[in-house]
Amino acid sequence: MRRINEAAGRAGAAIRDLQPRRGDSPFAASRPSPTRRHSVGSQRHSGYSASKEGKESPASSRPSKPTLSYHGPFAAELLPAASAAARAAYEATLSMTNDELQQLAELVAAAHCDRSTYLSTEAWQFGTTAYAIPGNEVCADCGSSEPPTWAAMVGEADAVLVCNECCGGHRALGVHLSAPLSLKMDRWSDEKRQRLLSSGNRAVNATLEAHAAAAQCKPSSEADVSAKHVFVRSKYERRAFAAEGDGELLPSTPPGRRCAGGAPQQVHAGILIVRLIRAHDLIAADFTGKSDPYVKATCGKAKSKTRVIRRTLSPEWNEVLRLNVEDVRDVLMLQVKDSDTIGSSPLGDCSLSLAELRPNHGTELSLELQNVRSGRLVAEVTWCPLDG
Ligand SMILES: [Zn+2]
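With an unreviewed UniProt entry as reference, the chain is termed C2 domain-containing protein, source organism Emiliania huxleyi.

**Student:** Help me understand the coordination of the zinc ion in this model?
**Tutor:** Metal coordination angles have textbook ideals: 109.5 degrees for a tetrahedral set of four donors and 90 or 180 degrees for an octahedral set of six. The coordination sphere of the zinc ion contains the protein donors C139 (SG), C142 (SG), C163 (SG) and C166 (SG), at a distance range of 2.3 to 2.4 Å. Taken together, the four donor atoms coordinating the zinc ion and their angles of 105 to 115 degrees define a geometry best described as tetrahedral. Considered as a linear motif, the donors of the zinc ion on their single chain read C-x2-C-x20-C-x2-C. In this pair, C142 is assigned in the loop between α5 (121–130) and β3 (150–154) and C163 in the loop between β4 (158–162) and α6 (164–173), connecting sequence segments 21 residues apart.

**Student:** Looking at this structure, how should I read helix α8 (residues 201–208)?
**Tutor:** Because an α-helix packs 3.6 residues into every turn, residues spaced three or four apart end up facing the same way. Within α8, burial applies to N201, V204, N205 and L208. End-on view of α8: buried residues confined to an arc of 100 degrees, all on one side of the axis. Lining the buried residues of α8 we find β3, β4 and α10 (225–237).

**Student:** I'm lost on the sheet that holds strand β12 (residues 331–340) in this one. Help?
**Tutor:** Paired through backbone hydrogen bonds, the strands of a sheet run either parallel or antiparallel to each other. Taken together, the four strands give an open sheet; going across it, the order is β10-β9-β12-β13, and neighbouring strands pair in antiparallel fashion. Edge positions in the sheet fall to β10 (302–305) and β13 (343–353), since each of these pairs with one other strand and no more. For this sheet, the mean inter-axis angle between neighbouring strands, taken without regard to orientation, is 20 degrees. In terms of strand pairing, strand β9 (residues 293–299) meets β10 through four bridges, oriented antiparallel. By the bridge assignment, K296 is partnered in β10 with K305.

**Student:** What is the right way to read the pairing of β13 from this model?
**Tutor:** On a regular strand, one side chain projects to one face of the sheet and the next to the other, so that they alternate. Looking at chain direction, β12 and β13 are connected through nine bridges and run antiparallel. If you follow Q335 over to β13, its bridge partner there is D349.

**Student:** So what exactly am I meant to see when it comes to the nonpolar core here?
**Tutor:** Generally speaking, soluble globular proteins have nonpolar side chains that are buried together. Within the largest apolar cluster, 40 residues are counted, with the highest numbers of intra-cluster contacts made by V160, V162, L183, W188, L196 and Y236. At the level of secondary structure, the elements contributing two or more residues to this core comprise α5, β3, β4, α6, α7 (190–197), α8, α10 and β8 (270–280). No other element matches the five residues that β3 contributes to this core. Three or more residues apiece are contributed to this core by two domains, here domain 2 (135–236) and domain 3 (270–385).

**Student:** Would you mind showing me how to read the pattern of salt bridges here?
**Tutor:** Opposite charge on two side chains makes pairing possible when the charged atoms of those side chains draw close. In this structure the tally under the stated criterion is 12 salt bridges. Of the charged contacts, one joins E237 and R233 as a salt bridge, the two residues approaching to 3.9 Å between their closest N and O atoms. Taken together, the residues span about one helical turn, with E237 and R233 both in helix α10 at a distance of four residues. Of the residues examined, R233 reaches a relative accessible area of 12% and is grouped as buried. Among the salt bridges present, the one from E326 reaches K301, with a minimum N-O distance of 3.8 Å. One end of the pair, E326, is in the loop between β11 (316–325) and β12; the other, K301, is in the loop between β9 and β10, with 25 residues separating them in the sequence. Of the residues examined, E326 reaches a relative accessible area of 32% and is grouped as partly exposed. Linked by salt bridges that have partners in common, D141, E209, K218 and K235 make up one network.

The rules behind each value
Residues numbered from 1 in each chain as written. Predicted model: local features only at pLDDT ≥ 70, side-chain atom pairs only at ≥ 80, totals over all residues. Heavy atoms only, no water. Donors = N, O, S within 2.8 Å, 3.2 Å for Na, K, Ca; no water. Tetrahedral: all angles 85-135°; square planar, octahedral: opposite > 155°, others 65-115°. Helix = DSSP H or I, 4+ residues; strand = E, 2+ residues; numbered from the N terminus. Buried < 20%, exposed > 50% of the residue type's maximum accessible area, 1.4 Å probe, protein only. Arc of directions from axis to C-beta. Contact = heavy atoms within 4.5 Å. Pairing = 2+ DSSP bridges. Axes fitted to C-alpha atoms, helices over the stretch in contact; angles between N-to-C directions. Core = buried A, V, L, I, M, F, W, Y, C linked by side-chain atoms within 4.5 Å. Domains from an automatic or database assignment. Salt bridge = Lys/Arg side-chain N within 4 Å of Asp/Glu carboxyl O.

This is the structure in structure tokens:
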């Protein structure tokens, strides 16, 4: 025990001395261990590394915890204020148990393998960093150990990571109470990033699940989706499990029917995230031999469109559209159009049904445009059903 305390003391000193520089990881001081495994920068894109060495070498002077250190490129370069929060996150790992550390390391390793499913390298860096915040490795509401990919902005300045199913409950609360953003596919403002890095599941739950009843009412990851949604509403809307709350779950409401202030609340089957990457071989709509293309995406009543790229037959939008889907039987229609001062003219269209898509996985598609002589559209489509 004395050795561990000494190690923790050394870590504290290292962290105090830590002076993050642009381009350096704010976790440049590795976990206190005489067997520091990598020099800073030696794994520029590997992020965390974990080792059980410490655990398996009781005879040596190594600490009894696995070595965990962060060396990857970090959002500090993107977000000036992140380094302090990240350092706090690192510090918090010092009090984690072996199992928690291992779980964290495995989670981050999995997220790294999953890099291609992030919107950009920047999103991936931020996403993997977010998992280092205490408690963020599991869903804040049901504890599901699937890496939570949705962040719900709750209260005045907090943010939690939640699973897909609980995210449905957050969306139903309305944006004034909770506004979910995808860690993988959404663009984040610096303010929201800072918000996530400076709160985290464990800290928020310490407040919103302070009531003793929270433990009994909290659904498991296996619980019915409607039970998760009832818990989310009770926890965030009524603050039933905060210290001053009454500890009571709201009565259950039939799925898909909920009223807020007497007005019917729109219910969603899920979110369709469409990244319009590029198109090529489009037909020319202008007499100059070019077009001013944009894409209009429609799914049921939901619609959205990209910006216009001027004077090209091979536009690159690389733009993400989000569509709130009300019915899983809806079909995604993508129409490429030419923008003109007097309206728009068609450059071809294509469609696909949600049933063709593997849920929660980005699928890159090269789609042949219909009703037109030539043209292909390249898009990545991710279907996120809110109930599974
Ligand atoms: Zn959950």
